[in-house]
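# Tertiary structure, described
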Amino acid sequence: MEYLEIFANSFVGTVNWTWRSIIFNVPWYNNYFWGLTLISLIVWGLEFAFPWRKNQSIMRKDFWMDGFYMYFNFFIFSIIIAGVYQVISTLFFNIGITANSFQFLDLSAYPWWFELLIFFILLDFVQWFTHVLLHKFTFLWQFHKVHHSVEEMGFAAHLRYHWMENILYKPLKTIGVMLIGGFEPEQAYIVHFFAITIGHLNHANVKITWGPLRYIFNNSVMHLWHHALNLPKGQRTGVNFGISLSLWDYIFKTNYIPNDTGDIALGFDDMDEFPTSFAKQNIYGFGLSKKK
Ligand SMILES: [Zn+2]
Ligand SMILES: [Zn+2]
């Protein structure tokens, strides 16, 4: 009964929070609904003003489906799943595992900007590693194919991914945060908004490389090659796994940028067998919709 109540409260709480975000009834810096919408409009404006592939339509293939994926993964899915996560964390709490159990680094003595920086770098590395796993293991790749089924690249493709990815990233992210004592800095929203912006720009039809900073920050040229259909020999499971930072790919030698024309075929080998609708793409990974 206790768990049922926790589940219900968390579900209702998330619905309320989302609604209050829509009607501007939350602090602006925590308003991910309008924050995501505003960042999307700005990056879409950049695609319009400075297109990289000039012959690509501003309403490219799958534009609306990817727009739906964006709001589904960010809001609808989190409403559905919030209760589950709350129940799991209560279960762990009841058996004595808390956020402090695996603390490795105590950041509380450092200035806020340093805490924020470590939080950002740690989360980004954990996500880079998770992304590598999504490519290396066939059963995980079946879900990650949704993200790689984009044929024409644009900003909204950033959040086109299977909802199972949320489930797969979450435990590793949680373990990452546990290493710093479950510590989420008050200013974590800066990290989240920064990650959304970089992620949108990585997928945008705008050529931005950040100059010499490209060895630190991921960018559209580098990430387009992550989506390339033809991968180099010896790196068939993927290249450029970076999320916000490109650094990890340079450190672990998974970087690959043969040119910056922007004009390359995207996808994977059995693309013609991959479903094209949202519903079918979301059951594909479970082996339920092998053909279109
Ligand atoms: Zn990938
Ligand atoms: Zn991508």
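Residues numbered from 1 in each chain as written. Chains lettered and ligands numbered in written order. Predicted model: local features only at pLDDT ≥ 70, side-chain atom pairs only at ≥ 80, totals over all residues. Heavy atoms only, no water.

### Things to note about the overall build of the protein
What the protein contains, in helices and strands, is ten helices and zero strands. Along the chain direction, N to C, the helices and strands of the protein fall in the order α-α-α-α-α-α-α-α-α-α. Here the C-alpha radius of gyration of the protein, 19 Å, is about what a compact globule of 292 residues would show, namely 19 Å. When each of the 292 residues of the protein is scored for burial, the buried share is 46%. Total accessible area computed for the protein in this model is approximately 15,200 Å², and 68% of it derives from carbon and sulfur atoms. The average position of the 19 basic charges and that of the 20 acidic charges among the side chains of the protein differ by 8 Å. (Helix = DSSP H or I, 4+ residues; strand = E, 2+ residues; numbered from the N terminus. Rg over C-alpha atoms; globule rule 2.2 N^0.38 Å. Buried < 20%, exposed > 50% of the residue type's maximum accessible area, 1.4 Å probe, protein only. Areas by Shrake-Rupley, 256 points an atom, 1.4 Å probe, with all protein chains shown as cover. Lys, Arg positive; Asp, Glu negative; His and termini not counted. Charge placed at Lys NZ, Arg CZ, Asp CG, Glu CD.)

### Comments concerning the environment of Leu-201
Inspection of the secondary structure assignment puts Leu-201 in helix α7 (residues 188-203). Sequence-wise, Leu-201 and Asn-218 are 17 residues apart; in three dimensions their C-alpha atoms are separated by 9.1 Å. Discounting residues that sit within four places of it in the chain, Leu-201 has contacts with Val-43, Leu-46, Ile-208, Trp-210 and Ser-220. (Contact = heavy atoms within 4.5 Å.)

### Description of the coordination of the zinc ion (ligand 2)
Taken together, His-147 (NE2), His-203 (NE2), His-223 (NE2) and His-227 (NE2) make up the protein donors of the zinc ion (ligand 2), found 2.0 to 2.1 Å from the metal. Around the zinc ion (ligand 2) sit four donor atoms; with metal-centred angles ranging over 90 to 152°, the donor geometry is irregular. Expressed as a motif, the donor residue spacing for the zinc ion (ligand 2) is H-x55-H-x19-H-x3-H. Here the zinc ion (ligand 2) and the zinc ion (ligand 1) are spaced 5.9 Å apart. Residue His-203 is located in helix α7, and its partner His-227 is located in the loop between α8 (220-226) and α9 (247-251); the two are separated by 24 residues in the primary sequence. Of the two residues examined, His-203 and His-227, each falls in the buried class. (Donors = N, O, S within 2.8 Å, 3.2 Å for Na, K, Ca; no water. Tetrahedral: all angles 85-135°; square planar, octahedral: opposite > 155°, others 65-115°.)

### Details of the side chain of Glu-165
Following the sequence through the fold, Glu-165 ends up in helix α6 (residues 163-178). An unpaired buried charge is present at Glu-165: no salt bridge exists, and Arg-160, the closest side chain of opposite charge, is 9.7 Å distant. Other than its neighbours up to four places away in sequence, Glu-165 contacts Leu-134, Phe-143, His-144 and His-147. (Salt bridge = Lys/Arg side-chain N within 4 Å of Asp/Glu carboxyl O.)

### Digging into the packing of helix α4 (residues 112-136) against α7
Across the interface, α4 lies against α7 with an axial gap of 9 Å and an inter-helix angle of 40°. In terms of their interaxial angle, α4 and α7 are classed as oblique. As α4 runs across α7, the sense of the crossing is right-handed. The segment α4 lies against α7, with Trp-112, Leu-116, Phe-119 and Phe-120 engaging Ala-188, Ile-190, Val-191, His-192 and Phe-194. Within the contact of α4 with α7, the residues separate by chemical class into eight nonpolar, one polar and no charged. (Axes fitted to C-alpha atoms, helices over the stretch in contact; angles between N-to-C directions. Parallel < 35°, antiparallel > 145°, perpendicular 65-115°, else oblique. Left-handed = near helix turned anticlockwise from the far one by under 90°. Nonpolar A, V, L, I, M, F, W, Y, C, P; charged D, E, K, R; others polar.)

### Quick notes on unusual backbone geometry
One non-glycine residue, Trp-210, lies in positive phi territory at about 65°. Here Trp-210 lies in the loop between α7 and α8. With relative accessibility at 34%, the residue Trp-210 sits in the partly exposed group.

### Some points on the nonpolar core
By size, the foremost hydrophobic cluster in this structure holds 18 residues, and its most contacted members are Tyr-32, Leu-36, Val-43, Phe-155, Phe-193 and Ile-196. Element by element, the count of residues in this core is highest for helix α2 (residues 32-49), at five residues. In this structure Phe-193 touches Tyr-29, Asn-31, Tyr-32, Gly-35, Leu-36 and Ile-39, once residues within four positions along its chain are discounted. If you look at the next biggest cluster of nonpolar residues, it comprises 15 residues, including Ile-118, Leu-123, Ala-188 and Leu-245. (Core = buried A, V, L, I, M, F, W, Y, C linked by side-chain atoms within 4.5 Å.)

### Notes on the packing of α2 against α7
Each pair of packed helices can be summarised by the angle the axes make with each other and by the distance between the axes. Contact geometry of α2 with α7 gives a least axis separation of 10 Å together with a crossing angle of 30°. Looking at the two axes, α2 sits roughly parallel to α7. At the point where α2 passes α7, the crossing takes the right-handed sense. Every residue of α7 that contacts α2 at Tyr-32, Gly-35, Leu-36, Ile-39, Ser-40, Val-43, Leu-46 and Glu-47 is listed here: Tyr-189, His-192, Phe-193, Ile-196, Thr-197, His-200, Leu-201 and His-203. In terms of residue class, the contact of α2 with α7 is made up of nine nonpolar, six polar and one charged.

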